[in-house]
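The residues making up each chain are set out below.
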Amino acid sequence: MATYLEFIQQNEERDGVRFSWNVWPSSRLEATRMVVPLACLLTPLKERPDLPPIQYEPVLCSRATCRAVLNPLCQIDYRAKLWACNFCFQRNQFPPSYSGISEVNQPAELLPQFSTIEYIVQRGTATPLIFLYVVDTCLEEDDLQALKESLQMSLSLLPPNALVGLITFGRMVQVHELNCEGISKSYVFRGTKDLTAKQIQDMLGLTKPPAPVQGRPPQPQEHSSISSRFLQPVHKIDMNLTDLLGELQRDPWPVPQGKRPLRSTGVALSIAVGLLEGTFPNAGARIMLFTGGPPTQGPGMVVGDELKTPIRSWHDIEKDNARFLKKASKHYEALASRAAVNGHCLDIYACALDQSGLLEMKCCSNLTGGYIVMGDSFNTSLFKQTFQRVFSKDLQGEFKMAFGATVEVKTTRELKIAGAIGPCVTMNSKGPSVSENELGIGGTCQWKVCNLDACTTLGIYFEVVNQHNAPIPQGGRGAVQFVTQYQHSSTQRRIRVTTVARNWADAQSQLQHIEASFDQEASAVLMARLGVFRAESEEGPDVLRWLDRQLIRLFMFHLRRSPFLQVFNNSPDESSYYRHHFMRQDLTQSLIMVQPILYSYSFYGPPEPVLLDSSSILPDRILLMDTFFQIVIYHGETIAQWRKAGYQEMAEYENFKQLLQAPLDDAQEILQTRFPMPRYVDTEHGGSQARFLLSKVNPSQTHNNLYAFGQESGAPILTDDVSLQVFMDHLKKLAVSSAS
């Protein structure tokens, strides 16, 4: 008999699903008594090399309000060639192509090991992938040069038939024509005037294709005749575009002393969205914005051009002094909604030493599933390698990205869907399984995710609606089906269907089963997502108070101190960046973000994980900390002195040389695979960058209790933050005091 831990891991590997509870309380009343709601983490495109797609379409339940997909949990009558839907109990006839089925000749979708299965949809015309580069030219010369080289490199990674377009912006916005031989031609727009989609399409001459003949869908070449000036297949314009990128100059408008350059980011994005809306609605497309500073003019501006006026801080936002915040956010939210409706995703690559307006622009990526990458300069390996990883390919040589996905959730009648949290937007699809109580993005059973990769993960929250006085029969099971339709990077339409079931249990007689089935890791991430979702829309102290009430019953000390909820010492842009990645990553990466991993390297044995605590900082140890966003190697005081003395260069200290090398090798392994690439910090005791480690560990020793008798040796942390021990003592008092 497999343990719950093995059961949970097998399900995650096969179906990409982790539930907070793996046995479900059988009534609404019992479910409300559980601190952690019934919810799951779904990774729709979890990598499954052993899952070859099937070349036919799924069989659907004939009931119009159900339309569930045939799955291994359905009851089959092989003689009458009927199947009973396990969601609505409708009896359905098998289509003629299934006439040969029998108990010994079953199609794949009825086999238990195919609880997740993928279908290739043959109907519909395939549209090529579309990449529209939107490039800021108000960059320093070396930054612009590095960016141009990265963009030229990316052209060689695109499939030959992919369509590519280029928009550049500074004070003006230029849409470049790409089918001109030997001459550079572009349409120039003023950066101060907001244009409607219709105006943009009229100015660019993007008239609609001719009406289809007798219901015939428009052919790809009809699309291309309209858009060919601005979007061309890579194989046709590879040389032209490489030259065009190479010739890009810095924005020619002079920037007076004490002023910021005028950046029309809001108008550039508006034109990009309008261009794709007019040419390729509902097709897989990426708008990739590369910016080196905040938008400073026109719609979507975040700060004025006077350098003496600093860009907004958290303090300004709390005091309602951020004069552009609401208007700018509204502009970008409207653009994000338009892009999301058409299945187009928006990436933001922001490389600047100061803030670049991510707080206002974050919705562009958060709602469309695009990436946000934040760095200091386009000339760093952090940007260059991360950007290259966007185009990484699978074993078949296809991109690991998928486009224009819809995720639909179906449930048996005892469950309803409360909502989803992740890089998605609602499709407002009401149905009998939609709960009135919303958690996250609710009121629907379908969400649009414009960009998916193998790590993109949604948190989906459920509500048990079965009444206490109507018990579920012993041995009953609840089922959930996830149907993800998407455009594969090979341009095929695909449907991935995952159907899972769990046992119901009576909380009175089977409480130990429910307790044993609790998935602590999934629950921590699901609760953290709820906290971060609330932090985006509510006041910080209110969210921390809510979290503290949960903490008394559910243990999450490190989340409370994390940059997802604590904005102290982070700019609004940094907080937006951290939250963006937390809301899209899978379980393992999310856990690292909430509670960083700390490994200790010493002469006394192999590397070992140690507590994220100041007592782990010892003079004769090297520590490797992985926070997801940073990889920190920290050399203890003695090790640092030996390293300075050059012992590692001496033949008799070979073991010291190996000790220094071991964490570097482990760090390299993480740096080569993580997306986005983490910041790499190599520091030592007393070094200025030791703050990266000291700010994360639990301060069990501080300057206040440094000389307390009997303390274990370790590094004292200069902080007034409470330690885990003080926090626990305080919680215990609160939990037992009559006032709580």
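Keep in mind the model is a prediction, meaning the values are calculated, not measured.

Rules and cut-offs
Here the residue numbers are simple positions, counted from 1 along each chain's written sequence. Note on the predicted model: pLDDT of at least 70 is required for a residue's local features to be given, and 80 or more for side-chain atom pairs to be given and counted; whole-chain, interface and lining totals, by contrast, use all residues. Excluded from the side-chain calculation are hydrogens and water; included are all heavy atoms of the structure. Axes, fitted as lines to C-alpha atoms, cover a helix only where it is in contact. Angles between the N-to-C directions of the axes lie from 0 to 180 degrees. What counts as a helix is a DSSP run of H or I of at least four residues, what counts as a strand is a run of E of at least two, and both are numbered from the N terminus. Left-handed is the label given to a crossing in which the near helix is rotated counterclockwise from the far helix by less than a right angle, and right-handed is the label when the rotation is clockwise. In this analysis, two residues are considered to be in contact whenever any of their non-hydrogen atoms come within 4.5 Å of each other. Side-chain classes follow a simple rule in which Ala, Val, Leu, Ile, Met, Phe, Trp, Tyr, Cys and Pro form the nonpolar group, Asp, Glu, Lys and Arg form the charged group, and the remainder, Gly included, forms the polar group. Each nonpolar core is a collection of buried residues, namely Ala, Val, Leu, Ile, Met, Phe, Trp, Tyr and Cys, held together in the definition by side-chain atoms within 4.5 Å. Under the scheme applied here, a residue whose accessible area is under 20% of the maximum for its type counts as buried, over 50% as exposed, and between as partly exposed, the area being computed with a 1.4 Å probe on protein chains only. Per-residue confidence from the prediction method is given by pLDDT, with values spanning 0 to 100. Any two strands between which DSSP finds at least two bridges are classified as paired. What counts as a salt bridge is simple: a side-chain nitrogen of Lys or Arg found within 4 Å of a carboxyl oxygen of Asp or Glu. Residues enter patches when they are more than 30% accessible in relative terms and free of salt bridges; like-charged ones are connected within 9 Å and nonpolar ones (Val, Leu, Ile, Met, Phe, Trp, Tyr) within 5 Å. Using a 1.4 Å probe, accessible areas were evaluated by the Shrake-Rupley method; residue-level cover was limited to the displayed protein chains. Domain start and stop points were drawn from an automatic or database domain assignment. When two components associate, each loses some accessible surface as probed by a 1.4 Å sphere; the sum of these losses over both components is called the buried area. Two N or O atoms form a polar contact when they lie within 3.5 Å of each other; inside protein one atom must be a possible hydrogen donor and the other a possible acceptor, and for residues adjacent in sequence the pair counts only when both atoms belong to side chains. In this analysis, the expected span of each helix is defined as 1.5 Å times one less than the number of residues it contains.

## A few points about the packing of helix 18 (residues 637–645) against helix 19 (residues 654–673)
Then, in step 1: Packing of helix 18 against helix 19 leaves a shortest axis separation of 12 Å and a crossing angle of 115°. Crossing angle aside, the handedness with which helix 18 passes helix 19 is left-handed. Here Ile639, Trp642 and Arg643 of helix 18 lie close against helix 19, whose contacting residues are Phe656, Leu659 and Leu660.
Then, in step 2: The residue inventory of the contact of helix 18 with helix 19, partitioned by class, reads five nonpolar, no polar and one charged.

## Notes on the nonpolar core
Then, in step 1: Residues Phe19, Ile460, Phe462, Val480 and Phe482 are the most contacted members of the largest nonpolar core, which totals 112 residues.
Then, in step 2: The contact partners of Phe462, leaving out residues within four places of it in the chain, are Phe19, Leu38, Ala39, Cys40, Val409, Thr411, Leu415, Lys416, Ile417, Ala418, Val480 and Phe482.
Then, in step 3: Formed by 35 residues, the second largest nonpolar core is a distinct cluster that contains Leu129, Phe131, Val164 and Tyr371.

## Things to note about the confidence of the model for the protein
Then, in step 1: Per-residue confidence for the protein averages 90 on the pLDDT scale, and 91% of its residues sit at or above 70.
Then, in step 2: Note on residues 220–224: pLDDT under 50 across the span, and four contacts to partners over four residues away in sequence or across chains.

## Looking at the sheet that holds strand 23 (residues 597–602)
Sheet strands pair via backbone hydrogen bonds, and the direction of the pair is either parallel or antiparallel.
Then, in step 1: Overall, mixed pairing links the five strands, which are arranged 24-23-25-26-27 in an open sheet. Two strands lie at the open edges of the sheet, namely strand 24 (605–609) and strand 27 (679–684), each paired on one side alone. Each neighbouring strand pair of the sheet contributes to a mean axis angle of 15°, computed without reference to strand direction.
Then, in step 2: In this sheet, strand 24 lies alongside strand 23 in antiparallel orientation, the contact comprising three bridges. Looking at strand 24, one finds that Ser600 is bridged to Glu608.

## Comments concerning the pattern of salt bridges
Then, in step 1: On inspection of all chains with the given rule, the structure shows 30 salt bridges.
Then, in step 2: Between Arg494 and Glu118 there is a salt bridge, with its nearest N and O atoms 3.0 Å apart. With Arg494 in strand 22 (residues 493–505) and Glu118 in strand 7 (residues 116–121), this residue pair connects regions lying 376 residues apart in the sequence.
Then, in step 3: With a relative accessible area of 4%, Glu118 lands in the buried category.
Then, in step 4: Across the pair Asp347 and Arg286 runs a salt bridge, and its minimum N-O distance is 2.7 Å. One end of the pair, Asp347, is in strand 14 (residues 344–351); the other, Arg286, is in strand 13 (residues 285–291), and 61 residues separate them in sequence.
Then, in step 5: Residues participating in the shared-partner salt-bridge network are Glu12, Arg18, Asp519 and Glu521.

## Remarks on the pairing of strand 17 (residues 415–421)
Within a regular beta strand, the side chains point alternately toward one face of the sheet and then the other, so they alternate between its two faces.
Then, in step 1: In terms of residue burial, strand 17 counts as a mostly covered element, since six of its seven residues are buried.
Then, in step 2: Pairing analysis gives six bridges linking strand 17 to strand 20 (residues 458–464), with the strands arranged antiparallel. What sits directly across from Ala420, in strand 20, is Ile460.

## Things to note about the sheet that holds strand 1 (residues 17–19)
Then, in step 1: The sheet built from four strands is open, its strands ordered 1-3-20-17 with antiparallel pairing. The two strands at the open ends of the sheet, each matched to only one other strand, are strand 1 and strand 17. Strand-to-strand twist across the sheet, computed as the mean angle between neighbouring axes with direction ignored, equals 25°.
Then, in step 2: As paired elements, strand 3 (residues 39–42) and strand 20 share four bridges and run antiparallel to each other. From the neighbouring strand, Ala39 faces strand 20, where its bridge partner is Tyr461.

## Regarding a nonpolar patch on the surface
Then, in step 1: A surface patch of nonpolar side chains, about 340 Å² in accessible area, is lined by Phe603, Tyr604 and Trp642.
Then, in step 2: In this fold, Phe603 is placed in the loop between strand 23 and strand 24.

## Thoughts on the domain arrangement of the protein
When the parts of a complex come together, some accessible area is lost, and that lost area is often taken as the interface size.
Then, in step 1: Splitting the protein by domain gives domain 1 (4–55 + 114–123 + 401–468 + 476–512), domain 2 (130–206 + 228–390), domain 3 (522–590) and domain 4 (597–732).
Then, in step 2: Domain 1 puts 25 residues into the contact, and the matching count from domain 3 is 16 residues.
Then, in step 3: Counting the surface lost from both domain 1 and domain 3, the interface buries some 1,700 Å², and carbon and sulfur atoms represent 68% of this.
Then, in step 4: The three residues of domain 1 that bury the most area against domain 3 are Val35, Leu41 and Ile421, which together make up 33% of that side's buried surface.
Then, in step 5: Taken together, the connections running from domain 1 to domain 3 amount to one salt bridge.
Then, in step 6: Across the pair Arg584 and Asp453 runs a salt bridge, and its minimum N-O distance is 3.7 Å.
Then, in step 7: Taken together, the connections running from domain 1 to domain 3 amount to six residue pairs in polar contact (both at pLDDT 80 or more).
Then, in step 8: Listed by contribution, the elements that provide at least two residues to the side of domain 1 that touches domain 3 are strand 1, strand 3 and strand 20.

## Things to note about helix 19
Then, in step 1: In this model, helix 19 (20 residues) spans 29 Å end to end at C-alpha, consistent with the 28 Å of a helix rising 1.5 Å per residue.
Then, in step 2: Of the residues making up helix 19, those classed as buried are Phe656, Leu659, Leu660, Pro663, Ala667, Ile670 and Leu671.
Then, in step 3: Each element contacted by the buried residues of helix 19 is listed here: helix 11 (381–390), strand 23, strand 25 (622–626), strand 26 (630–635), helix 18 and strand 27.

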